[in-house]
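In case you want the letters, here they are:
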Amino acid sequence: VRENYRIGVNAEGTYREVMNSDGLQYQGSGVHTAEGAAVATEAVESHGRPQSLNLTLPPLATVWLYLDKA
């Protein structure tokens, strides 16, 4: 598990997890990006992007995030 992993994003807003291959329904460990909640961007530059998200990333998984509100 990678806690406090920062990833840069282009658009400011609230992102929510729409798919996580580590979910219990896929026989994963159940680690979620934000424990099922939305994650708001922060005005912290990362990866050359003006905004970023601070995430908890599950091990050996793929996570899809969706910009809920811009």
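Just above, that's the structure.
These numbers were taken from a predicted model, which means no experiment stands behind them. (Residues numbered from 1 in each chain as written. Predicted model: local features only at pLDDT ≥ 70, side-chain atom pairs only at ≥ 80, totals over all residues. Heavy atoms only, no water.)

Q: Account for the overall build of the chain, naming residues and giving values.
A: Of regular secondary structure, the chain possesses 0 helices and 5 strands. In summary, the chain has a C-alpha radius of gyration of 12 Å against a globular reference of 11 Å for 70 residues, a match within 12%. Projected onto the principal axes, the alpha-carbon positions of the chain cover approximately 35 × 20 × 15 Å. Looking at the 70 residues of the chain, the share that counts as buried comes to 26%. Taking the intrachain contacts of the chain between residues at least 6 apart in sequence as the baseline, contacts between residues at least 24 apart amount to 72%. In the form shown here, the chain has an accessible surface area of approximately 4,600 Å², with 48% of it arising from carbon and sulfur atoms. Averaging the coordinates of the 5 positive side-chain charges in the chain and doing the same for the 8 negative ones gives two points 4 Å apart. (Helix = DSSP H or I, 4+ residues; strand = E, 2+ residues; numbered from the N terminus. Rg over C-alpha atoms; globule rule 2.2 N^0.38 Å. Buried < 20%, exposed > 50% of the residue type's maximum accessible area, 1.4 Å probe, protein only. Contact = heavy atoms within 4.5 Å. Areas by Shrake-Rupley, 256 points an atom, 1.4 Å probe, with all protein chains shown as cover. Lys, Arg positive; Asp, Glu negative; His and termini not counted. Charge placed at Lys NZ, Arg CZ, Asp CG, Glu CD.)

Q: If you had to explain the environment of Leu53 to someone new, which residues and values would you point to?
A: Tracing the sequence through the fold places Leu53 in strand β4 (residues 51–57). Exposure remark for Leu53: the relative accessible area of 1% places this residue in the buried category. Sequence separation between Leu53 and Ile7 is 46 residues, and the spatial gap between their C-alpha atoms is 5.5 Å. Apart from the residues lying within four places of it in its own chain, the contact partners of Leu53 are Tyr5, Arg6, Ile7, Val9, Tyr15, Val39, Ala40, Thr41 and Leu65.

Q: Can you lay out the environment of Ala11 for me, pointing to particular residues and giving the numbers?
A: Topologically, Ala11 is positioned in the loop between β1 (2–9) and β2 (14–20). Ala11 sits in the partly exposed class, given a relative accessible area of 27%. With 19 residues separating them in the primary sequence, Ala11 and Gly30 have C-alpha atoms 28 Å apart. Apart from residues no more than four positions distant in its own chain, Ala11 is found in contact with Thr41, Gln51 and Leu67.

Q: An account of the pattern of salt bridges is requested, with residue identities and associated values reported.
A: Applying the stated criterion across every chain, the model contains 2 salt bridges. In this structure, the salt-bridge partner of Arg16 is Asp68, at a minimum N-O distance of 3.1 Å. Here Arg16, found in strand β2, pairs with Asp68, found in strand β5 (residues 63–69); they are 52 residues apart in sequence, far enough to count as distant. Under the relative-accessibility criterion, Arg16 is labelled partly exposed at 34%. Take Asp68: its relative accessible area is 35%, and that puts it in the partly exposed class. (Salt bridge = Lys/Arg side-chain N within 4 Å of Asp/Glu carboxyl O.)

Purely geometric stuff here, so don't read any function into it on its own.
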